Amino acid sequence: MTRRTDWAEYDAGSAGTDADAYGTDDGTLGAADGAYGAGSAAVPSGEGGARRRGGRRRRRERAEPFAEDGGATSSSRAEKGEPPRDPVEQARAICLRLLTGTPRTRKQLGDALRKREIPDEVAEEVLSRFEEVGLINDSAFADAWVESRHHGRGLARRALARELRTKGVDSTLIDAAVSQLDSEQEEETARELVARKLRATRGLDRDKRLRRLAGMLARKGYPEGMALRVVRQALEEEGEDTDFLGDESF
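These figures come from a predicted structure and were not determined experimentally.

Rules and cut-offs
- Residues numbered from 1 in each chain as written.
- Predicted model: local features only at pLDDT ≥ 70, side-chain atom pairs only at ≥ 80, totals over all residues.
- Heavy atoms only, no water.
- Helix = DSSP H or I, 4+ residues; strand = E, 2+ residues; numbered from the N terminus.
- Buried < 20%, exposed > 50% of the residue type's maximum accessible area, 1.4 Å probe, protein only.
- Contact = heavy atoms within 4.5 Å.
- Salt bridge = Lys/Arg side-chain N within 4 Å of Asp/Glu carboxyl O.
- Lys, Arg positive; Asp, Glu negative; His and termini not counted.
- pLDDT = per-residue confidence, 0-100.

A. Just the overall build of the chain, in detail. The number of helices and strands found in the chain is 13 helices and zero strands. N-terminal to C-terminal, the α/β element order of the chain is α-α-α-α-α-α-α-α-α-α-α-α-α. Buried positions account for 39% of the 250 residues belonging to the chain. Sequence separation of at least 24 residues holds for 61% of the intrachain contacts in the chain that already meet a minimum separation of 6.

B. Up close: the pattern of salt bridges. Summed over all chains, the structure comprises 12 salt bridges. Taking the shortest distance from any N to any O, the salt bridge between Glu238 and Arg202 comes out at 2.5 Å. Taken as a pair, Glu238 in the segment after α13 (224–237) and Arg202 in the loop between α11 (183–198) and α12 (206–219) lie far apart in primary sequence, 36 residues in all. We classify Glu238 as partly exposed; its relative accessible area is 31%. Because the salt bridges share partners, they merge into one network encompassing Arg106, Glu124 and Glu131.

C. Layout of helix α9 (residues 157–166). The complete set of buried residues in α9 reads Ala159, Leu160, Ala161, Glu163 and Leu164. The elements touched by buried residues of α9 are α8 (138–153) and α10 (171–178). Looking one or two residues past α9, Gly168 carries a phi angle of roughly 85°, positive in sign.

D. Broad picture of the side chain of Asp138. Looking at the secondary structure, you find Asp138 in helix α8. Within the buried core, Asp138 has no salt-bridge partner, and the shortest N-O distance to an opposite charge, that of Arg106, equals 6.9 Å. Sequence-distant contacts of Asp138, defined by excluding residues within four places in its chain, comprise Arg104, Thr105, Arg106, Gly168, Val169 and Leu173.

E. A look at the confidence of the model for the chain. On average, residues of the chain score 75 in pLDDT, and 62% of them reach the 70 mark or higher. Counted against residues more than four places away or in other chains, residues 1–51, with its pLDDT under 50, gives 56 contacts. Scored below 50 in pLDDT, residues 57–74 makes 33 contacts in the model with residues more than four places away or belonging to other chains.

F. Structural context of unusual backbone geometry. Of note in this structure, Glu117 is not a glycine but carries a positive phi near 65°. Within the secondary structure layout, Glu117 lies in the loop between α6 (106–115) and α7 (120–132).

In structure tokens:
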């Protein structure tokens, strides 16, 4: 993923403001937090904790409420006679906050903007610009997802493709990402998964062990034929007789 500093290419002034004002997930201002800390430190120690708490309450009461997207609520703006916040500015702030620390697909960000009632034409404009500067990159997202979920969770290509579809990644990008894994890599990972789970099945009868281990692989997206072959080999290495095991589906 492109570093956040790439946003400067888009709108350095706006990005700096957004990063300062919307850097926290709960929408509170970093500057306000600093002011609270300074105010607390300024209270003489002899006054006790009550005065410090009272000062904090008064400052919070004066603080302007903030909406979920990090900006002032429409009601507070209306009370002050301020115009509604510019939708483009609002969309930028929402996307920047959601992208902080976590890559997102274009669809995920689009869904978030729609949920916050950002006009479609504004959402398209902002999302397209984010793609241009590399803050949205579905291809890189898909590649990283496959790498992480295969090695971290042992998911096979079929399961990985299913997850990427739910995140709105284009089918062409999905195909390119899952092609990083070939059948040999999948089978090797399947063997590692079975080896880790094999001990927990000891003491069960042979058929039950087969079903449990093969079912585990199936849930992770491994083809049935590969799953049965890998499990049978593992059981044979433990001395189990698998000659009469059926080939029925698990």
